[in-house]
Amino acid sequence: MAQIITYDDNLHRDAVIALWRDVFAYPTAHNRPELALERKLAVDDLLFVAVQDGRVMGTTMAGYDGHRGWLYSVAVHPAWQQHGIGAALVRHAETALVALGCLKINLQITAGNDVVAGFYERLGYVVEPRISMGKVLPLEAGLAPEGENA
């Protein structure tokens, strides 16, 4: 079984970027893996990797604002899905959030992603009657199109 440890930018960066590109394939600039890692590391260390024999098999990123916790970017390499790694990553993030005093964890998934919804339901998460809204702030956040913001 994989060991879950805190992300180390010097050791895990390239593998995490490749994993996120493979698993998520987000087309928007604000979701670029390099940018997400830089921004996350500037805030806290609630970023974990599942490793085995030095290989990154999965990741999870969590956040806590003092009121609610969040799960972001839970990803497991396709070759290692259905082996309990995703569940172990979520539980590890939950433990880290509880240690910070977190009482509730939220997460978002894309509508219609029934496989992922079922995964979280098996871990005790439920669909709540909420409307998720967002606003991308490309100019205010200093984002540039792909390749221009190295």
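Residues numbered from 1 in each chain as written. Predicted model: local features only at pLDDT ≥ 70, side-chain atom pairs only at ≥ 80, totals over all residues. Heavy atoms only, no water.

**Let's talk about the pairing of strand β4 (residues 69-76)**
Here comes step 1: Strand direction decides the pairing type here: strand β3 (residues 55-64) and β4, joined by six bridges, are antiparallel. Counted as the bridge partner of Met61 is Tyr72 from β4.
Here comes step 2: Where β3 hands over to β4, the hairpin turn is made up of four residues, of which Gly66 adopts a positive phi near 95 degrees.
Here comes step 3: Sheet analysis places β4 next to strand β5 (residues 105-107), joined by three bridges and oriented parallel. Paired with Gly69 across the strands is Ile105, a residue of β5.
Here comes step 4: Tracing the backbone out of β4, into helix α3 (residues 85-99) and back to the parallel element β5 gives a crossover that is right-handed. (Pairing = 2+ DSSP bridges. Helix = DSSP H or I, 4+ residues; strand = E, 2+ residues; numbered from the N terminus. Right-handed = clockwise from strand over helix to strand, strands pointing away.)

**Thoughts on the packing of helix α1 (residues 9-23) against helix α2 (residues 33-43)**
Here comes step 1: Two elements in contact, α1 and α2, have axes separated by 9 Å at closest approach and are oriented at 135 degrees. For the element pair α1 / α2, the angle class is oblique. Seen from above, α1 lies across α2 with right-handed handedness. Residues Asp9, Arg13, Val16, Ile17, Trp20 and Arg21 of α1 form the contact with α2, whose participating residues are Pro33, Glu34, Ala36, Leu37, Glu38 and Leu41.
Here comes step 2: A class-by-class count of the residues in the contact of α1 with α2 yields seven nonpolar, no polar and five charged. (Axes fitted to C-alpha atoms, helices over the stretch in contact; angles between N-to-C directions. Parallel < 35°, antiparallel > 145°, perpendicular 65-115°, else oblique. Left-handed = near helix turned anticlockwise from the far one by under 90°. Contact = heavy atoms within 4.5 Å. Nonpolar A, V, L, I, M, F, W, Y, C, P; charged D, E, K, R; others polar.)

**Side note on the sheet that holds β4**
Here comes step 1: In spatial order, the strands read β1-β2-β3-β4-β5; together these five strands make up an open sheet with mixed pairing. Edge positions in the sheet fall to β1 (3-6) and β5, since each has one partner strand and no second. For this sheet, the mean inter-axis angle between neighbouring strands, taken without regard to orientation, is 30 degrees.

**Considering α3**
Here comes step 1: Taking 1.5 Å as the rise per residue, α3 with 15 residues should run 21 Å; its terminal C-alpha atoms sit 21 Å apart, in good agreement.
Here comes step 2: Considered for burial, the residues of α3 that qualify are Ile85, Gly86, Ala87, Ala88, Leu89, Val90, Ala93, Ala96 and Leu97.
Here comes step 3: Contacts made by the buried residues of α3 are with β1, β2 (47-52), β3, β4, β5 and α4 (114-122).
Here comes step 4: At the exit of α3 stands Gly101, carrying a positive phi of roughly 100 degrees. (Expected span 1.5 Å × (residues − 1). Buried < 20%, exposed > 50% of the residue type's maximum accessible area, 1.4 Å probe, protein only.)

**Section: the confidence of the model for the protein chain**
Low-confidence regions, as indicated by low pLDDT, have predicted coordinates that should not be scrutinised in detail.
Here comes step 1: Taken residue by residue, the protein chain gives an average pLDDT of 90. The fraction at 70 or more is 91%.
Here comes step 2: pLDDT under 50 marks residues 145-150. Its contacts with residues more than four places away, or in other chains, come to seven contacts. (pLDDT = per-residue confidence, 0-100.)

**Points about the packing of aromatic side chains**
Here comes step 1: In the structure shown here, the tally under the stated rule is four aromatic pairs.
Here comes step 2: With 5.2 Å between their ring centres and 5 degrees between their planes, Phe24 and Tyr26 make a pair best called stacked.
Here comes step 3: Arranged with centres 6.2 Å apart and planes meeting at 15 degrees, the rings of Trp70 and Tyr72 form a pair that is stacked.
Here comes step 4: Looking at Trp70, the relative accessible area reads 23%, which means it is partly exposed.
Here comes step 5: Given the relative accessible area of 36%, Tyr72 is considered partly exposed.
Here comes step 6: By way of ring pairs, the aromatic residues Phe119, Tyr120 and Tyr125 are connected into one cluster. (Phe/Tyr/Trp six-rings, centres within 6.5 Å; stacked < 30°, edge-to-face > 60°.)

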